[in-house]
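Chain by chain, the residues run as shown.
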Amino acid sequence: MLLIKCPYCDETLPELEFAYAGEAHITRPPTPAEASDEEWRDFLFIRSNVKGAHYERWRHVHGCGRFFNAVRDTVSDRFLVTYPAGGLRPAVDDVTGSSK
Amino acid sequence: MTQLPTHFESGQLSATSAARVTVVEPMARFSLRAGQGDVTAISEALDLALPTKIGQRTKAGATEAMCLGPDEWVIIAPDSEAVRLESACTAIYDQAPHSLTAISDREITVRIDGPRAADLLTLGCPRDLDAILPNEGRRTVFDGVTVVLWRDAEQEFRLDVWRSFAPHALSLLVTGCTELALE
Ligand SMILES: [Zn+2]
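Reading guide: rules and limits
Residues numbered from 1 in each chain as written. Chains lettered and ligands numbered in written order. Predicted model: local features only at pLDDT ≥ 70, side-chain atom pairs only at ≥ 80, totals over all residues. Heavy atoms only, no water. Donors = N, O, S within 2.8 Å, 3.2 Å for Na, K, Ca; no water. Tetrahedral: all angles 85-135°; square planar, octahedral: opposite > 155°, others 65-115°. Helix = DSSP H or I, 4+ residues; strand = E, 2+ residues; numbered from the N terminus. Buried < 20%, exposed > 50% of the residue type's maximum accessible area, 1.4 Å probe, protein only. Contact = heavy atoms within 4.5 Å. Buried area = accessible area lost by both parts, 1.4 Å probe. Salt bridge = Lys/Arg side-chain N within 4 Å of Asp/Glu carboxyl O. Polar contact = N/O pair within 3.5 Å; in protein donor to acceptor, adjacent residues only side chain to side chain. 1 Å grid on protein atoms, 1.4 Å probe; cavity = no way out; pocket = protein on both sides within 12 Å on 5 of 7 lines; lining within 4 Å. Points joined across faces, edges and corners; volume = space filled by probe spheres on them. Nonpolar A, V, L, I, M, F, W, Y, C, P; charged D, E, K, R; others polar. Domains from an automatic or database assignment. Pairing = 2+ DSSP bridges. Axes fitted to C-alpha atoms, helices over the stretch in contact; angles between N-to-C directions.

(A) Quick peek at the coordination of the zinc ion. All names here are of chain A. Looking at the zinc ion, one finds its protein donor set to be Cys-6 (SG), Cys-9 (SG), His-60 (ND1) and Cys-64 (SG), positioned 2.0 to 2.4 Å from the metal centre. Because the angles between the four donor atoms bound to the zinc ion fall within 103 to 115°, the donor set is best described as tetrahedral. Within one chain, the residues serving as donors to the zinc ion are arranged as C-x2-C-x50-H-x3-C. In this pair, Cys-6 is assigned in strand 1 (residues 3-6) and His-60 in the loop between strand 4 (53-59) and strand 5 (67-73), connecting sequence segments 54 residues apart. Grouping residues by exposure puts Cys-6 and His-60 together as buried.

(B) Layout of the interface of chain B and chain A. The partner chain A presents 15 residues to the 16 residues of chain B that form the contact. Between chain B and chain A lies a buried interface of about 1100 Å² when both sides are counted; carbon and sulfur atoms form 52% of it. Here chain B and chain A share four salt bridges between them. Arg-127 of chain B is paired through a salt bridge with Glu-17 of chain A; the nearest N and O atoms lie 2.6 Å apart. At the junction of chain B with chain A, the criterion picks out seven residue pairs in polar contact (both at pLDDT 80 or more). Looking at the side of chain B that touches chain A, the elements with two or more residues in it are strand 5 (63-69), strand 9 (136-142) and strand 10 (145-153) of chain B. It is strand 9 of chain B that provides the largest number of residues to the side of chain B that touches chain A, a total of four residues.

(C) Looking closely at the layout of surface pockets. Residue and element names in this part refer to chain B. When its volume is computed, the largest pocket comes out at roughly 290 Å³. Forming the walls of the largest pocket are 19 residues, and the residues nearest its centre are Glu-72, Arg-106, Arg-139, Thr-146 and Trp-162. Listed by contribution, the elements that provide at least two residues to the lining of the largest pocket are strand 6 (72-77) and strand 10. Broken down by element, the lining of the largest pocket gets its largest block of residues, four residues, from strand 10. Taken together, the residues that form the lining of the largest pocket break down as ten nonpolar, four polar and five charged. Both domain 1 (11-26 + 106-182) and domain 2 (28-102) contribute no fewer than three residues apiece to the lining of the largest pocket. The space that makes up the second largest pocket amounts to roughly 210 Å³. Top element by residues in the lining of the second largest pocket is strand 8 (residues 107-113). It accounts for three residues.

(D) Region of the structure containing the side chain of Thr-82 of chain A. Residues and elements named next belong to chain A. Relative to the helices and strands, Thr-82 resides in strand 6 (residues 79-84). Of note is the side chain of Thr-82, whose polar atom sits 2.7 Å from the backbone oxygen of Lys-5. Ignoring sequence-local partners within four residues, the contact set of Thr-82 consists of Ile-4, Lys-5, Pro-7, Phe-68, Asn-69 and Ala-70.

(E) Expanded view of the sheet that holds strand 2 (residues 20-23) of chain B. All names here are of chain B. Pairing is antiparallel in the open sheet, where six strands are placed in the order 1-2-8-11-10-9. With one partner strand each, in any of the chains shown, strand 1 (11-15) and strand 9 form the two edges of the open sheet. Across the sheet, the axes of successive neighbouring strands diverge by a mean angle of 25°, strand direction being ignored. Relative to strand 11 (residues 156-162), strand 8 is paired through seven bridges, and the arrangement is antiparallel. Residue Thr-109 lies in a different strand from strand 11, and its bridge partner there is Asp-160.

(F) Focus on the domain arrangement of chain B. All names here are of chain B. We note that the domain assignment places domain 1 (11-26 + 106-182) and domain 2 (28-102) within chain B. Each of domain 1 and domain 2 has a C-alpha centre, and these two points are 25 Å apart. Of the residues lining the interface, 16 residues belong to domain 1; the matching set on domain 2 comes to twelve residues. Between domain 1 and domain 2, a total of about 1200 Å² is buried, with carbon and sulfur atoms accounting for 47% of that surface. At the junction of domain 1 with domain 2, the criterion picks out four salt bridges. For Arg-139, the salt bridge is made with Glu-72, and the minimal N-O distance between the two is 2.9 Å. Between domain 1 and domain 2 we count eight residue pairs in polar contact (both at pLDDT 80 or more) in total. Residue assignment for the side of domain 1 that touches domain 2 shows that the elements contributing at least two residues are strand 8, strand 9, strand 10 and strand 11. At five residues, the largest contribution of residues to the side of domain 1 that touches domain 2 is made by strand 10.

What follows is the structure in structure tokens.
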């Protein structure tokens, strides 16, 4: 079972307490009525589907109830870092420790 | 699997050499949501210092509070205290906006104690229970259902389960009581 650190509870807890909530840092168009069909399609459906460090949302649904963000390596399934919702997107190099 | 009725009266559900599961008397329960800046004012009004760390509990008289999230608490008290708590919060609503919701009937509480009470909980709860110290608690999951777990002593717990999920969750506890006693 994956162990996930909730940044609000400050505890590393079993995956069963959490729910996955899709890619993180997807910004809703500020004026949706002015978005073109293509922009709206991209906002709703188009995701990065990366191989490697993936920025994603999780919710501590059977716990504090909060949404938060995580960077997870989609190859190893390892959580690189978790941080509160609304927090700045950490740079990949900072969370993987690589310099490429 | 033990089949339980959907209506629960207070009293013993199961008692073996491993553990006992007892439905406790009804009580008043409130869900409190408030911002960090208003916690002090609400604490003063309730005459109960609200804990600010998730999982911590405080008690004043028979009224108990546990911090469930960054802006969320559960408060339990005898039925006779409910009106006092509600009016105390109403009185400071303008200065310290918050949400106080009566949830008394939403959940039922069972007491789980006995020499293997903690083992019994591990049947449905994936948490490391050693990380929850006596006089702490957490909201967590038990057999797929969200529950609030209160640890009162090394081998004594209370479990708040939503009423509609109670037959499911408590059935596992009753079955587990019997199975652990056979080991
Ligand atoms: Zn949490």
